[in-house]
Amino acid sequence: GTGSLLEKKVDSINVAKFPIMEWTWMISKLPDVEWEENTSQDDFAVRIELVFDYKGNRYNPLNIIRKGFITTFFRRSLPEVVICYVWAAGVPVGRSYISPSNKRIIVIPVESGHGMQNIWIEEERNIQKDFDELIGIKRLVIKKIRIRCDTENSLSNAESGIKKILLKK
């Protein structure tokens with residue numbers, strides 16, 4: 001009935017240079033949900049979230065001005081765009097959708113269901129291709145990588161693991 005995450009801030013990883021992400025993951029228990037596209041069931045045993053800064057990196061003068069303007073005058077955090085690779089309970093593999101809890105999160109089910117429970121599975125995604133198809137923005141830099149497990153909507157339990165996450169050319 002709660003959620004947890006690990007977050008690693010990274011120094012502006014250029015997706016054009018490192019478009020492929022590989023990882024190994026497994027689930028032991030999925031949360032008690034049937035269809036994650038519903039707000040009340042937006043829970044996953046494991047998520048890998050890539051948080052993007054799509055206006056450029058911190059060394060770009062225009063980007064520095066934009067960030068300063070938003071944070072100083074509006075006293076708000078900068079908007080983030082997130083691609084979230086998940087192991088879903090009900091939504092089928094490949095059915096990408098906008099998260100019901102946040103319009104800036106795109107959810108991509110890479111695995112679905114209980115069929116591969118307790119088995120470590122290696123995955124590979126072209127994150128540049130995913131972003132181009134779903135958002136259409138070219139200049140991407142990853143600023144954070146998050147690993148999450150959450151069950152706060154369904155008030156159930158989940159168990160999962162990740163062995164590695166690798167970005168490569």
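Please refer to the structure higher up on the page.
First, a word on what this report is: a plain description of the structure on this page. Here the structure is a predicted model, which is why all the values come from computation and not from measurement.

## As for the sheet that holds strand S8 (residues 141-150)
Two strands in a sheet stick together by hydrogen bonds in their backbones, pointing the same way (parallel) or opposite ways (antiparallel).
Thinking step 1. Across the sheet, 6 strands lie side by side as S1-S8-S3-S4-S6-S5; this open sheet has mixed pairing. Each edge of the open sheet carries a strand with a single partner, namely strand S1 (3-14) and strand S5 (97-98).
Thinking step 2. Pairing of S1 with S8 involves 9 bridges; the strand directions are antiparallel. Directly across from lysine 8, in S8, lies its bridge partner isoleucine 145.
Thinking step 3. Where helix H2 (residues 127-134) meets the sheet, it contacts strand S3 (44-53), strand S4 (81-88), strand S6 (105-112) and S8, and its direction lies at approximately 110° from that of S4.

## Looking at the sheet that holds strand S2 (residues 20-29)
Thinking step 1. Across the sheet, which stays open at both edges, the 3 strands sit in the order S7-S2-S9 with antiparallel pairing between neighbours. Strands with a single pairing partner mark the edges of an open sheet, and in this sheet they are strand S7 (121-126) and strand S9 (159-168). Mean inter-strand twist for the sheet, computed between neighbouring axes without regard to direction, equals 20°.
Thinking step 2. Relative to S9, S2 runs antiparallel, the two sharing 9 bridges. The partner of isoleucine 20 across the bridge, within S9, is lysine 168.

## Here's the deal with the packing of aromatic side chains
Thinking step 1. In this structure the tally under the stated criterion is 4 aromatic pairs.
Thinking step 2. Look at tryptophan 23 and tyrosine 85: their rings are 5.6 Å apart centre to centre, the planes differ by 40°, and that puts the pair in the tilted class. Separated by 62 residues along the polypeptide, tryptophan 23 in strand S2 and tyrosine 85 in strand S4 bring together distant segments of the chain. Of the two residues, tryptophan 23 and tyrosine 85, both sit in the buried class.
Thinking step 3. Consider the rings of tryptophan 25 and tryptophan 87, whose centres lie 5.6 Å apart with planes at 55°: the pair is tilted. Of the two residues, tryptophan 25 is situated in strand S2 and tryptophan 87 in strand S4; the sequence distance between them amounts to 62 residues.
Thinking step 4. Three or more aromatic residues joined by ring pairs make a cluster, and in this case those are Trp23, Trp25, Tyr85 and Trp87.
Thinking step 5. The residue whose ring lies beneath lysine 163 is tryptophan 120, and the NZ or CZ to ring-centre distance is 4.7 Å.

## Here we look at H2
Thinking step 1. Buried within H2 we find Ile127, Gln128, Asp130 and Phe131. For H2, the buried positions fall inside an angular range of 165° around the axis, keeping them on one side.

## A look at the environment of tryptophan 35
Thinking step 1. Position of tryptophan 35 relative to the elements: it lies in the loop between S2 and S3.
Thinking step 2. For tryptophan 35, a relative accessible area of 29% gives the class partly exposed.
Thinking step 3. Along the sequence, tryptophan 35 and alanine 88 sit 53 residues apart, while their C-alpha atoms lie 8.5 Å from each other.
Thinking step 4. With near-sequence residues (within four places) excluded, tryptophan 35 lies in contact with Gln41, Gly90, Val91, Pro92 and Arg95.

About the thresholds
Residues numbered from 1 in each chain as written. Predicted model: local features only at pLDDT ≥ 70, side-chain atom pairs only at ≥ 80, totals over all residues. Heavy atoms only, no water. Pairing = 2+ DSSP bridges. Helix = DSSP H or I, 4+ residues; strand = E, 2+ residues; numbered from the N terminus. Contact = heavy atoms within 4.5 Å. Axes fitted to C-alpha atoms, helices over the stretch in contact; angles between N-to-C directions. Phe/Tyr/Trp six-rings, centres within 6.5 Å; stacked < 30°, edge-to-face > 60°. Buried < 20%, exposed > 50% of the residue type's maximum accessible area, 1.4 Å probe, protein only. Lys NZ or Arg CZ within 6 Å of the ring centre and 35° of its normal. Arc of directions from axis to C-beta.

No statement about biological role is implied by the geometric values presented.
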